[in-house]
Amino acid sequence: MMHFEKYHIDEVHSSGIQALMEFGGCSSFVVSWGKGHLYIVNSNNLRLYALYTFYLKDHFPIASQIVLPSTSPLRLYATVSDAYSQTLELADIDWDSIGFGLQPTDYMYVMKCPLDGSFSKGELQRFGNIELNPSSGILNYGQGLFEGLKAYRKEDGNILLFRPEENALRMKIGAERMCMPAPTVEQFLEAVKATVLANKRWVPPPGKGSLYIRPLLMGTGPVLGLAPAPEYTFLIYVSPVGNYFKEGLAPINLVVENELHRATPGGTGSVKTIGNYAAVLKAQAAAKAKGYSDVLYLDCVHKRYLEEVSSCNIFVIKGNVISTPAIKGTILPGITRKSIIDVARSQGFQVEERLVSVDELLDADEVFCTGTAVVVSPVGSITYLGKRISYGDGGTGVVSQQLYNILTKIQMGLLEDDKNWTVELR
Ligand SMILES: Cc1ncc(COP(=O)(O)O)c(C=O)c1O
């Protein structure tokens, strides 16, 4: 833990405090203190020197201490493992050519929990490798979940998260299914905010992409016989991303998988557990080898009803009716799916959540996929039992485009968020 020996309060105002402190031999300037974050900027070169996340009651002087005489030595305990050396400026990468690959960033968030306890205060650490016991629950028995959400930079420099509490809730539901403790919604949100702010320079400029946020929940304690692990770790890392599919925003080409299945009734298809994704690699690799973008799965009982794509939900449009497979335990309840259903209804479309037969693909007007990573991705063709069904003339369908425009404008702060979906970070 780090501490500061000299601390000189300069000003107290409603949004936080301004203070001079001596830290590592140089004078630093606290520019903002509030909502659990303390920013320290080196007063000489205006570089962000450190950002600390803390819980007010336990780790920071309470109000009465703020008015200590300026000469009082004050020891502040911080929770970050080492100081920042980064600037507040944008990271120096080619923002025009980011795809959906890992770009290591500066900090990750780590929080631990014993099996019978609850998650205690987490901390920001330098992004890097983690140590795992070879007999950890995640390595041996796949006791792990992940989430995915995005942060967008607005024109005014502030950052928007999209419905992060939905990810927190989905992780809680998934954790229950996988016999894991989960962070509370508040802990999840605080951790996401701290991680994004610590990596602010990696949030792409407006229109260049987003910061993909990947929370992980894993059994990290050692276990040999099959049982829940004795310790859990919640970790968040981030990476700037552009388009998910190599097609960019152009329509993707799907193939319907008839033999391999992603999920079974009573299984774990409805939660974001890591094993669901390893299980689709074989079909996905085979599809990509044949030039398809991804795989569309059918239900495993009748091999007839649409389920979803490897990492996104599917919608079929016919006239004014937009249909999507109902949530019934074998598909992931996508947050983008839920949002698009609301947006479509507000635009006057009739949205049906029901069994959607593969035959309906034959006379659909448009098909599109939804997901955090893919956003709203138009489908150009679907191949089923060797027969290729094409949609549109190679471009994006009118309805898919309309829904894409509305959703992305809300996510980027370009359209009024009357549904209160976004969370703004300054
Ligand atoms: C299997 C699967 N389906 C659907 C989705 C879309 O979910 P969301 O819109 O919450 O990103 C995802 C991505 O998270 C996924 O992995």
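Rules of the game
Residues numbered from 1 in each chain as written. Predicted model: local features only at pLDDT ≥ 70, side-chain atom pairs only at ≥ 80, totals over all residues. Buried ≥ 20, exposed ≤ 12 C-beta atoms within 10 Å, placed from the backbone. Helix = DSSP H or I, 4+ residues; strand = E, 2+ residues; numbered from the N terminus. Axes fitted to C-alpha atoms, helices over the stretch in contact; angles between N-to-C directions. Parallel < 35°, antiparallel > 145°, perpendicular 65-115°, else oblique. Left-handed = near helix turned anticlockwise from the far one by under 90°. Contact = placed C-beta atoms within 7 Å. Nonpolar A, V, L, I, M, F, W, Y, C, P; charged D, E, K, R; others polar. UniProt positions renumbered as here; feature names shortened; annotations may be inferred. Near = placed C-beta within 6 Å.

Further remarks concern unusual backbone geometry. Residue Arg163 is not a glycine yet carries a positive backbone phi of 45°. For Arg163, a count of 20 C-beta atoms within 10 Å gives the class buried. In this structure, Val375 is a non-glycine residue whose phi angle is positive, near 60°. Tracing the backbone through its elements, the reader meets Val375 in strand 20 (residues 375-384). For Val375, a count of 21 C-beta atoms within 10 Å translates into the label buried.

Between helix 8 (residues 335-346) and helix 9 (residues 398-411), the shortest axis-to-axis distance is 10 Å and the interhelical angle comes to 110°. By the angle between their axes, helix 8 is roughly perpendicular relative to helix 9. Crossing hand, helix 8 versus helix 9: right-handed. Residue-level inspection shows Ser339, Ile340, Val343 and Ala344 of helix 8 in contact with helix 9, the latter providing Leu403, Ile406 and Leu407. Tallied by class, the residues present in the contact of helix 8 with helix 9 amount to six nonpolar, one polar and no charged.

With numbering matched to this structure, UniProt assigns "modified residue: N6-(pyridoxal phosphate)lysine" (unreviewed entry) to Lys272. Note that Lys272 resides in the loop between strand 13 (252-257) and helix 6 (275-278). Contact partners of Lys272, with chain neighbours within four places excluded, come to Leu145, Phe146, Glu147, Arg170, Gly174 and Leu332.

A few words now on the site of the ligand. Surveying the vicinity of the ligand reveals 13 residues, the closest of which are Gly334, Ile335, Thr336, Gly371 and Thr372. Of all elements in the fold, only helix 8 and strand 19 (366-371) reach the threshold of two or more residues within the shell around the ligand. Classifying every residue of the shell around the ligand gives three nonpolar, eight polar and two charged.

Right, let's get into the environment of Gln350. By secondary structure assignment, the location of Gln350 is in strand 18 (residues 350-354). We classify Gln350 as exposed; it has 11 C-beta atoms within 10 Å. The sequence separation of Gln350 and Ser323 amounts to 27 residues, and the corresponding C-alpha distance is 8.3 Å. Not counting residues within four places of it along the chain, the set of residues in contact with Gln350 comprises Asn320 and Val321.

Contact pair helix 4 (residues 164-177) / helix 5 (residues 185-198): the axes reach a minimum separation of 9 Å and the direction vectors enclose 130°. Taken together, the axis directions place helix 4 and helix 5 in an arrangement best described as oblique. In this structure, helix 4 meets helix 5 at a crossing whose hand is right-handed. Contacts between helix 4 and helix 5 involve Pro164, Glu165, Ala168, Leu169 and Met171 from the former and Val185, Phe188, Leu189 and Val192 from the latter. Among the residues forming the contact of helix 4 with helix 5, the class breakdown is eight nonpolar, no polar and one charged.

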